[in-house]
Amino acid sequence: MNFLRGVMGGQSAGPQRSGAETVQKLCDRVASATLLEDRRDAVRALKSLSKKYRLEVGSQAMEHLINVLQMDRSDSEIIGYTLDTLYNLISNDVEEEEPEENVHKPSSEDLAVQYTEIFIKQPENLTLLLSLLEEFDFHVRWPAVKLLTALLKNLGPQVQQIILVSPMGVSRMMDLLADSREVIRNDGLLLLQQLTKGNAAIQKIVAFESAFERLLDIITEEGMSDGGIVVEDCLLLLVNLMKNNSSNQNFFKEGSYIQRMKTWFEVAEENLNWSAQKVTNLHLMLQLVRVLVSPVNPPGATSTCQKSAFQCGLLQQLCTILMATGVPADILTETINTVSEVIRGSQVNQDYFASVNAPSNPPRPAIVVLLMSMVNERQPFVLRCAVLYCFQCFLYKNQRGQAEIVATLLPTTIDANSISAGQLLCGGLFSADSLSNWCAAVALAHALQDNSVQKEQLLRVQLATSLGNPPVSLLQQCTNILSQGSNVQTRVGLLMLLSTWMTDCPIAVTHFLHNQTNVPFLTAQISENLGEEEQLVQGLCALLLGICIYDNENSLENYTKEKLKQLIEKRIGKEIFIEKLAYISKHELYSRAGQKPQPSYSIPEQMLLDHEFTKLVKELEVLIIKAVQKSSEDEKKEEEVKKSLEQHDSIVSQYKELIREQDMQLNELKKQVTALTTQNEQSQTTITQQAAQIQQLKDQYNLLKIQGKPVDSHHHMHNEAAEINGIQPKADMEEIGRLQEELEQLKKQHGILEGQLAEKDLIIDKMQMSQISGNKDTDDCTDNSGEPTAAPHKELETLRTLVQTQAAEISQLQAKKQELENQPAAMTGLGSGDVDSDSSLRRITQLESRVSALDDENQKLKGQVKVLTEEKDSLDQQMTRTNNTVVILQTDKSRLQQEVVESKKEQDDLLVLLADQDQKIFSLKNKLKELGEAIEDEDDMESGDQDDDDYDEDEPN
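Residues numbered from 1 in each chain as written. Predicted model: local features only at pLDDT ≥ 70, side-chain atom pairs only at ≥ 80, totals over all residues. Heavy atoms only, no water.

Trainee: Which parts of the structure should I look at to understand the overall build of the protein?
Mentor: A tally of helices and strands in the protein yields 44 helices and four strands. Looking at the 957 residues of the protein, the share that counts as buried comes to 42%. Long-range contacts, defined as pairs at least 24 residues apart, comprise 72% of the intrachain contacts of the protein with a sequence gap of at least 6. On the protein, roughly 51600 Å² of surface is accessible, and the fraction owed to carbon and sulfur atoms is 52%. (Helix = DSSP H or I, 4+ residues; strand = E, 2+ residues; numbered from the N terminus. Buried < 20%, exposed > 50% of the residue type's maximum accessible area, 1.4 Å probe, protein only. Contact = heavy atoms within 4.5 Å. Areas by Shrake-Rupley, 256 points an atom, 1.4 Å probe, with all protein chains shown as cover.)

Trainee: Would you mind going over the pattern of salt bridges with me for this structure?
Mentor: Side chains bearing opposite charge may pair, as long as their charged atoms lie close to each other. One pass over the structure, following the stated rule, counts 23 salt bridges. Two residues, D41 and R44, come together in a salt bridge whose shortest N-O distance is 2.5 Å. A residue pair is termed a helical-turn pair when its members lie 3 or 4 positions apart in one helix, as D41 and R44 do in helix α3 (residues 36-49) at three residues. The class of D41 is buried, set by a relative accessible area of 17%. Among the ionic contacts, a cluster of salt bridges with common partners joins R40, D75 and E77. (Salt bridge = Lys/Arg side-chain N within 4 Å of Asp/Glu carboxyl O.)

Trainee: Mind showing me how you'd approach helix α31 (residues 535-550) here?
Mentor: Given 3.6 residues per helical turn, the α-helix brings residues three or four places apart onto the same face. Between its terminal C-alpha atoms α31 stretches 22 Å, which fits the 22 Å expected from 16 residues at 1.5 Å a residue. Among the 16 residues that make up α31, 14 are buried, leaving the element largely enclosed by the rest of the structure. (Expected span 1.5 Å × (residues − 1).)

Trainee: What is the right way to look at unusual backbone geometry in this model?
Mentor: Residues apart from glycine generally show negative phi values, whereas peptide bonds are mostly found in trans. Positive phi is not limited to glycine here, since N244 has a value of about 60 degrees. You can see N244 is positioned in the loop between α14 (229-242) and α15 (246-254). Judged by relative accessible area, which is 65%, N244 ranks as exposed. Positive phi is not limited to glycine here, since K397 has a value of about 55 degrees. Note that K397 resides in the loop between α22 (381-395) and α23 (399-407).

Trainee: Would you mind going over the nonpolar core with me for this structure?
Mentor: One recurring pattern in soluble globular proteins is that nonpolar side chains are buried together. The biggest cluster of nonpolar side chains holds 209 residues, and the ones touching the most others in it are L129, W264, F265, F353, L543 and F577. When residues of this core are assigned to their parent elements, the largest contribution, 12 residues, is made by α22. Excluding residues within four positions of it along the chain, L129 makes contact with L83, F119, A144, L147, L148 and L151. (Core = buried A, V, L, I, M, F, W, Y, C linked by side-chain atoms within 4.5 Å.)

Trainee: Whenever I open this one, the packing of aromatic side chains confuses me. Can you help?
Mentor: Under the defined criterion, the tally for this structure stands at eight aromatic pairs. Each ring, one from F212 and one from F252, has its centre 5.1 Å from the other, and the planes form 90 degrees; the classification is edge-to-face. One end of the pair, F212, is in helix α13 (residues 211-221); the other, F252, is in helix α15, with 40 residues separating them in the sequence. F252 matches F212 in its accessibility class, with the two residues each being buried. Each member of the aromatic cluster is reached from another via a ring pair, and the members are F208, F212, F251, F252 and Y257. One residue, R344, lies across the ring of Y396, its end atom 3.8 Å from the ring centre. (Phe/Tyr/Trp six-rings, centres within 6.5 Å; stacked < 30°, edge-to-face > 60°. Lys NZ or Arg CZ within 6 Å of the ring centre and 35° of its normal.)

Trainee: What exactly am I supposed to notice about α23 here?
Mentor: If you check which residues of α23 are buried, you get G401, Q402, I405 and V406. Along the axis of α23, the buried residues cluster in a sector spanning 130 degrees; they form a single face. The elements touched by buried residues of α23 are α22, α24 (421-429), α25 (434-448) and α26 (452-458). (Arc of directions from axis to C-beta.)

Trainee: Is there a simple way to think about the side chain of N248 in this case?
Mentor: One can find N248 in helix α15. A distance of 2.8 Å separates a polar side-chain atom of N248 from the backbone oxygen of L241. Look past the residues within four positions of N248 in its chain and what remains in contact with it is Q203, K204, A207, F212, L241 and M242. (Polar contact = N/O pair within 3.5 Å; in protein donor to acceptor, adjacent residues only side chain to side chain.)

Structure follows, in structure tokens:
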């Protein structure tokens with residue numbers, strides 16, 4: 001005990017020991033002492049020395065301290081001292097006391113990392129520490145929480161992996177949130193913050209351990225936005241759990257937790273007490289909403305959260321804060337950014353935002369109020385950027401909103417008594433502030449994004465530049481300001497607007513090229529050797545000139561595609577043009593602008609490129625390079641290839657149609673074959689039954705004959721059997737009559753088919769005559785239809801053969817009919833008993849076989865008639881297609897002849913006009929000579945005209 005007193009500061013008679021010796025002595029006592037009290041005192045002494053002699057204690061006592069945690073688990077006091085000592089060694093938050101010796105030692109951070117590595121080298125140590133979290137004793141649980149937090153701060157990923165495989169590790173940490181002691185609960189929040197950083201697996205486990213429910217309850221208990229630092233810690237943990245974790249975001253949405261967020265933003269208008277903590281809390285709450293609706297999330301997840309935000313009233317609450325007074329600038333800016341992402345790409349939310357009005361007198365739309373802030377140079381830079389982002393999100397995939405914005409610029413919808421969004425954008429576009437120019441140009445470009453209708457509508461906008469001067473178009477005014485050499489930011493904004501406007505809008509390209517000064521200005525800008533600041537402007541000029549080539553309809557003779565490409569080759573050079581075009585994608589701000597939709601710049605001068613415009617450049621760059629490098633011959637070849645492909649597609653479609661028809665016919669024939677097969681099987685069954693009955697009758701007859709009964713009785717029995725089988729003389733006569741009627745019908749059908757055959761022969765003769773006369777168009781059309789010319793001849797031959805066969809079968813049927821007509825007498829005799837029973841049975845058998853044969857032949861004839869009818873319909877369809885093609889070709893021929901006549905007439909009119917003009921010029925010259933004009937003046941004028949012609953030769957004709 002005297003030793004401990006010396007260590008703790010008491011007087012000692014012996015010489016003073018060094019720190020390392022003292023630590024070594026204490027470590028020996030911890031390792032060798034048998035009494036728990038001695039070990040506890042030694043650990044307490046190490047704790048007191050761990051700040052001043054951190055290196056010595058850590059290097060010598062670490063192993064002994066871990067053994068204490070394992071061996072003395074039952075004593076909470078020594079466990080608490082041990083955990084405090086380890087925390088002093090591992091944590092960077094503890095301020096070290098400088099030792100007396102001025103010796104170079106490792107830094108505090110290096111020592112913390114080294115001791116952390118030593119501690120987690122054995123995963124069992126971390127598992128032991130996690131088990132100590134179950135202890136309710138404050139002196140054990142609290143230092144364990146702090147030690148785990150320090151370990152995660154120093155080597156987070158390694159510690160996370162050990163905790164992830166530790167059974168019940170995360171659950172024990174989640175139990176800290178339910179501790180009634182606030183200090184443990186609050187430090188548990190800090191521990192979970194460190195635990196969930198950058199590890200999606202642990203984030204999911206924590207979320208499924210009811211973290212959302214517990215955290216939202218704590219936020220509500222602490223007073224929501226009016227709460228203290230605990231609310232901030234809860235919000236930071238929620239952001240950690242859901243940022244870049246779509247699974248947790250979906251779990252949060254499905255748990256209806258978005259609805260509980262609405263109450264966070266119920267800020268009373270009279271509440272002007274915005275403390276620093278409240279600002280921080282609201283900022284994190286808005287950030288949490290943005291995590292749920294971020295543009296980088298999967299589109300389906302974002303749209304679902306946007307829908308929930310609207311349905312539960314969260315969007316309405318945010319718009320209330322947006323229009324409220326007395327809101328701090330940073331909260332207002334973050335609210336604008338949050339509303340932007342809640343409405344981005346959601347038509348319902350965008351429509352609601354368009355209906356929001358500011359509480360002013362008279363009420364103004366929220367969009368107009370925000371745009372007033374954007375074009376006001378006295379507003380903070382971050383606020384103006386937020387308003388621009390909000391306007392872009394409002395117009396994103398919102399053609400209805402785009403139409404409403406453009407409509408405020410059209411002459412028919414302008415209201416002189418109110419300020420509209422279009423007027424604010426025009427005012428910002430032509431103001432003296434370059435940032436306002438850029439923001440207005442980008443905002444107007446988003447009103448035209450992927451909307452060709454509004455691009456054409458914007459061409460109607462006329463601007464009054466000054467009193468007494470005629471109005472000019474918006475497109476012309478933009479080019480005028482561009483050519484005046486204004487600020488780089490202004491020119492970049494105007495060039496982006498013009499490029500977006502003219503892309504996929506040939507009419508706008510024509511309007512742009514109609515001004516004779518625009519193309520020379522662009523070529524001059526591209527060909528000059530300017531500094532790095534002007535390289536982006538040169539690249540955008542090259543892009544704009546490339547769009548004039550790519551989307552050119554060749555409606556202006558002087559600026560066709562070919563002439564513009566010749567101009568580039570002569571004035572600039574194709575290689576230099578492509579190099580200047582690449583300046584855009586090589587610019588340092590290009591990749592930064594393409595990362596995310598929100599413009600995030602620290603200074604106004606960096607706002608040069610827009611996110612959506614970078615996508616447009618990426619699409620157009622390849623297309624423009626191909627268009628510039630392509631020669632006229634290549635274009636002609638491509639057009640020919642396109643035409644051939646179109647022809648091929650039409651032929652393929654015709655063949656597909658033919659194959660489809662044949663498939664339908666084949667399916668119908670298969671059904672008919674199936675039905676006929678079934679009918680045949682039924683007929684065979686019937687015949688088999690009748691044969692069995694006839695054999696039975698024969699047996700009965702032979703039996704009666706043997707018994708010696710008279711013939712009349714035999715005949716009577718035979719008649720009874722015949723009645724049983726349904727074969728009576730009267731029925732036979734009816735069958736003969738029916739067969740006669742069918743023969744008459746077949747004769748009529750035969751006559752009709754012969755008439756149709758004669759008509760088709762006449763049509764074929766006409767077609768042959770037209771082929772002999774050289775009607776090539778008809779031949780081509782017949783070939784294109786996919787059916788050979790020889791096919792009708794073969795079909796007709798087949799028809800002739802079938803008709804001849806049918807005529808032969810009809811003749812046979814007539815002969816059979818004659819035979820059947822001769823049967824009544826014999827059958828009558830059968831009834832009177834003049835003929836014996838054997839002959840009667842034979843006649844009955846013959847009659848049944850003939851009736852069956854007649855039925856089969858009748859079915860065959862019906863099938864042949866149906867086939868002939870179908871073939872006739874097919875030939876009619878072929879002739880209809882041929883006639884339609886001939887009519888179309890004749891119409892095209894007459895139209896072309898009419899166009900030739902009109903062209904000749906116009907040419908004659910031009911020749912007459914030219915002759916009249918020459919006559920007038922000659923008469924005017926004579927008048928000049930009569931008035932005494934000097935010949936020298938005429939020579940000067942001619943030389944001046946010659947100079948002008950020489951200058952014009954440099955421009956494209």
